[in-house]
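# Descriptive analysis of the structure
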Amino acid sequence: MNDPTTQTSSNTASEINFAAFIGIDWADEKHTVCMQTAGGNSVQTREVLQTPEALSDWCNGLLAQFPNQKLAIIIEGNRSGLIYHLLGYSAFVIYPINPKAAAKYREAIYPNGSKTDPIDAGLLLDFLLHHRDCLRPLVPDTVETRILGQLSEDRRSLVDTRTRILNTLTSRLKLVFPQVLVLFDVLTVPMVADFLTKWPSLAQLQKAKPDQLRRFFYAHNSRSEELILSRLEIIAQAKPLTQDAAILTTATMMIEELVVQVHALHKTIARYDERLAALTQAHSHAPIFASLPGAGRALVPRLISALGTQSERWPLAYDLLCFSGVAPVEVGSGKQYAVHWRWNCPRFLRQTFVEFAYCSINQCAWAKAYYDDQKSRGKKHHQAIRALAFKWIRIIWKCWTDKVPYDDSIYLKSLEKKNAPLLATMNKSTELPPKTAAQ
């Protein structure tokens, strides 16, 4: 997967006079390296172990062989431990290549499917020598921006893990303790995990006294008397769904174990939220993205890391549209023409823009009108959201380029100046959809 916080579209690297060109086919234990010096014809091949000591010896040997000179290195992906090691040497200019692109290049040269580590390293070197203009050098963004990006992605992974566990928990509750799903609208709130920690089965819950239950709800800031009385009545009148001891025993034990995991994830996600909030507040680009309607505490750091701080990274809004995967792919051949989904893109980056576009519908009148207009044209929900994301990216790119916060009135004035049809749609679209929080 490509990382937007380490990519740049700068062409300065193409003007460098490299002393040597290196192709690396990396692996977990050892790497195959092919090197060709500038102006030379022979290719040197060797293996380097994936240990800090072996890598340091190899890199220092290159620096001694080519003092005060630049070396071009091509390698698949951009998140391996090897790349992070190589980034510590200013003499190396690293060109990451998409693994799929490398595989297609190998198929073009070796259609019989031949594949070995030396072959792969040699093909990467060949690509670097002859098609370097198709690659972009790896230039890390600021440490703060990269921390925001990685923490945001890790947080989302934790949220997804919690969702999977809650889905399993829901299935077990439906089997032996369905009353919990009636007592609580959603299971993601920490109160539910605390509730199931104390009472993992209906039999244990019905042994609790009303005063004990009331104290529990009060301690979790659920103090509506009407809601508490309703819950107490549901608990008092509840009947077990099954009396099968085998099902009750195993399901209750699974519920207890799942709740422990959910409880731990609640705390971990809360720690991530706290750290992300502090880092976001201190980031220089935070005011730009915090001004976007619908961008809350979860989306602002994701948007900051999506665009980064390097102005040369996205010279055109279209570059960001294509890289993020929001822009569709056009395929034309003869009389045939099709537009389809862009598969080859960083999925978390695309997810960030699409989720922001959806959240903006609740906070922005023109975004709601545009979404409604797309739906009225027969577009499905996700198609309409992606179309809105396409529109938002161009606006966000302009704010990011000019380093100014988003101003809704400025955009509306531009619509009025163009007499855009969207204005007429806005007058018809007044009802907002239910609010949803980005995870």
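Attention here is on the structure that accompanies the text. (Residues numbered from 1 in each chain as written. Predicted model: local features only at pLDDT ≥ 70, side-chain atom pairs only at ≥ 80, totals over all residues. Heavy atoms only, no water.)

Here we come to the nonpolar core. Membership of the largest hydrophobic core comes to 55 residues, with the highest contact counts inside it found for Phe289, Leu292, Leu307, Phe353, Trp366, Trp392 and Tyr406. Sequence-distant contacts of Phe353, defined by excluding residues within four places in its chain, comprise Leu303, Ala306, Leu307, Leu320, Ser324, Val326, Ala389, Ile393 and Ile396. If you look at the next biggest cluster of nonpolar residues, it comprises 35 residues, including Leu173, Ala193, Ile228 and Ala251. (Core = buried A, V, L, I, M, F, W, Y, C linked by side-chain atoms within 4.5 Å. Buried < 20%, exposed > 50% of the residue type's maximum accessible area, 1.4 Å probe, protein only. Contact = heavy atoms within 4.5 Å.)

Before going further, it helps to spend a moment on helix H14 (residues 317–324). Along H14, six of the eight residues are buried, which leaves the element largely enclosed by surrounding structure. Looking at H14, one finds that the buried residues are Ala317, Leu320, Leu321, Cys322, Phe323 and Ser324. Contacts made by the buried residues of H14 are with helix H13 (299–307), helix H15 (347–360) and helix H17 (381–402). Note on H14: the residue one or two positions beyond its end, Gly325, has a positive phi of about 85 degrees. (Helix = DSSP H or I, 4+ residues; strand = E, 2+ residues; numbered from the N terminus.)

Turning to the pattern of salt bridges, a few remarks are in order. Tallied over the entire structure, the rule returns 13 salt bridges. Between Lys30 and Glu47 there is a salt bridge; the shortest N-O distance is 3.4 Å. Here Glu47 lies in strand E3 (residues 44–49) and Lys30 lies in strand E2 (residues 30–37), a separation of 17 residues in the sequence. Here Lys30 falls in the partly exposed class, since its relative accessible area comes to 41%. Note on Glu47: relative accessible area 47%, which makes it partly exposed. (Salt bridge = Lys/Arg side-chain N within 4 Å of Asp/Glu carboxyl O.)

The subject of this paragraph is the pairing of strand E4 (residues 70–76). The two faces of the sheet receive side chains in turn, since in a regular strand these alternate between them. When you tally the buried positions in E4, you get six out of seven residues, the bulk of the element. The pairing of strand E1 (residues 18–25) with E4 spans six bridges and is parallel. Paired with Phe18 across the two strands is Lys70, which belongs to E4. Examined bridge by bridge, E4 and strand E5 (residues 92–97) share six bridges and lie parallel to one another. Its bridge partner being in E5, Ala72 is matched across the sheet by Val93. Chirality of the crossover, the property in question, places the unit of E4, helix H2 (residues 81–86) and E5 among those that are right-handed. (Pairing = 2+ DSSP bridges. Right-handed = clockwise from strand over helix to strand, strands pointing away.)

Overall, mixed pairing links the five strands, which are arranged E3-E2-E1-E4-E5 in an open sheet. Of all the strands in the sheet, the pair left with one neighbour each is E3 and E5. For this sheet, the mean inter-axis angle between neighbouring strands, taken without regard to orientation, is 25 degrees. Of the strand pairs in this sheet, E1 and E2 are connected by six bridges, and their pairing is antiparallel. By the bridge assignment, Ala20 is partnered in E2 with Thr37. (Axes fitted to C-alpha atoms, helices over the stretch in contact; angles between N-to-C directions.)

Keep in mind that these numbers describe shape and distance, not what the molecule does.
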